[in-house]
Amino acid sequence: MDLKIDDVITPDLVILDLDTTERDEAIDQMARRLEDDGRVSDRSAYVRAVQEREREGGGTGMEMGVAIPHAKSRAVNRASVVFARSTQGIDFGGDAEEP
């Protein structure tokens, strides 16, 4: 299976200004984009899977304020990436030094 960048992310999957500083709300906003684009069939199930993965793994925060919240879920219809930015920062735990 050859994936191209256009297969996994589109302009509709880019959020330049998240309107939250809360991790769970950020996850839900990103999942809503996936649902609106038909890439997730059950947003609630997908959000629960991502939140569980965040709790079990200690968070997906990395250096330089980057986080990659993700999970495997039967609710996913198509491999996808949502890019979201928060100018205020969101604490995703993990190895991040700052939100």
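Report on the accompanying structure. Only a predicted model underlies this, so the values are computations on that prediction, with no experimental measurement involved.

## Observations regarding the environment of Thr20
Here is step 1 of the chain: With respect to the helices and strands, the residue Thr20 is situated in the loop between strand E1 (14–15) and helix H2 (23–36).
Here is step 2 of the chain: For Thr20, a relative accessible area of 11% translates into the label buried.
Here is step 3 of the chain: For the pair Thr20 and Ser86, spaced 66 residues apart in the sequence, the C-alpha separation amounts to 7.6 Å.
Here is step 4 of the chain: Filtering out sequence-adjacent residues up to four positions away, Thr20 remains in contact with Glu25, Ala26, Gln29, Ser86 and Ile90.
Here is step 5 of the chain: Reaching out from Thr20, the side chain makes a polar contact with the backbone nitrogen of Glu22 at a distance of 3.0 Å.

## Quick look at the packing of H2 against helix H3 (residues 43–57)
Here is step 1 of the chain: Packing of H2 against H3 brings their axes to within 9 Å, and their N-to-C directions diverge by 140°. As the angle between them shows, H2 and H3 are arranged oblique. In terms of crossing hand, the pair formed by H2 and H3 is right-handed. When H2 is examined against H3, the residues Arg23, Asp24, Ile27, Asp28, Ala31, Arg32, Leu34 and Glu35 are found in contact with a partner set consisting of Arg43, Tyr46, Val47, Val50, Gln51 and Glu54.
Here is step 2 of the chain: Of the residues that constitute the contact of H2 with H3, the class distribution is six nonpolar, one polar and seven charged.

## Some thoughts on the environment of Leu18
Here is step 1 of the chain: As for its placement among the helices and strands, Leu18 is situated in the loop between E1 and H2.
Here is step 2 of the chain: Ignoring anything within four residues of it in the chain, the contact list for Leu18 reads Ala26, Gln29, Ala84, Arg85, Ser86 and Ile90.

Parameters and conventions
- Within every chain, residues take consecutive numbers counted from 1 along the sequence as written.
- Local features are withheld for residues below a pLDDT of 70 in this predicted model, meaning they are given only at 70 or higher, and side-chain atom pairs are given and counted only at 80 or more; totals for whole chains, interfaces and linings count all residues.
- Excluding hydrogens and water, the side-chain figures rest on all heavy atoms present in the structure.
- Only DSSP runs of H or I with at least four residues qualify as helices, and only runs of E with at least two residues qualify as strands; both kinds are numbered from the N terminus onward.
- Using a 1.4 Å probe on the protein chains alone, a residue whose accessible area is under 20% of its type maximum counts as buried, one over 50% counts as exposed, and one in between counts as partly exposed.
- Every residue pair with non-hydrogen atoms within 4.5 Å of one another is taken to be in contact.
- Under this definition, polar contacts are N or O atom pairs within 3.5 Å; protein pairs additionally need one hydrogen-donor-capable and one acceptor-capable atom, and for neighbouring residues in sequence, both atoms have to be side-chain atoms.
- Lines fitted to C-alpha atoms define the axes here, with helix axes fitted over just the stretch in contact, and angles between the N-to-C directions of these axes take values from 0 to 180 degrees.
- Angles below 35 degrees are treated as roughly parallel, those above 145 as roughly antiparallel, those between 65 and 115 as roughly perpendicular, and all remaining angles as oblique.
- For a crossing to be left-handed, the near helix must be turned anticlockwise from the far one by less than a right angle; the clockwise case is right-handed.
- Note on residue categories: nonpolar means Ala, Val, Leu, Ile, Met, Phe, Trp, Tyr, Cys or Pro, charged means Asp, Glu, Lys or Arg, and polar means any other residue, Gly included.

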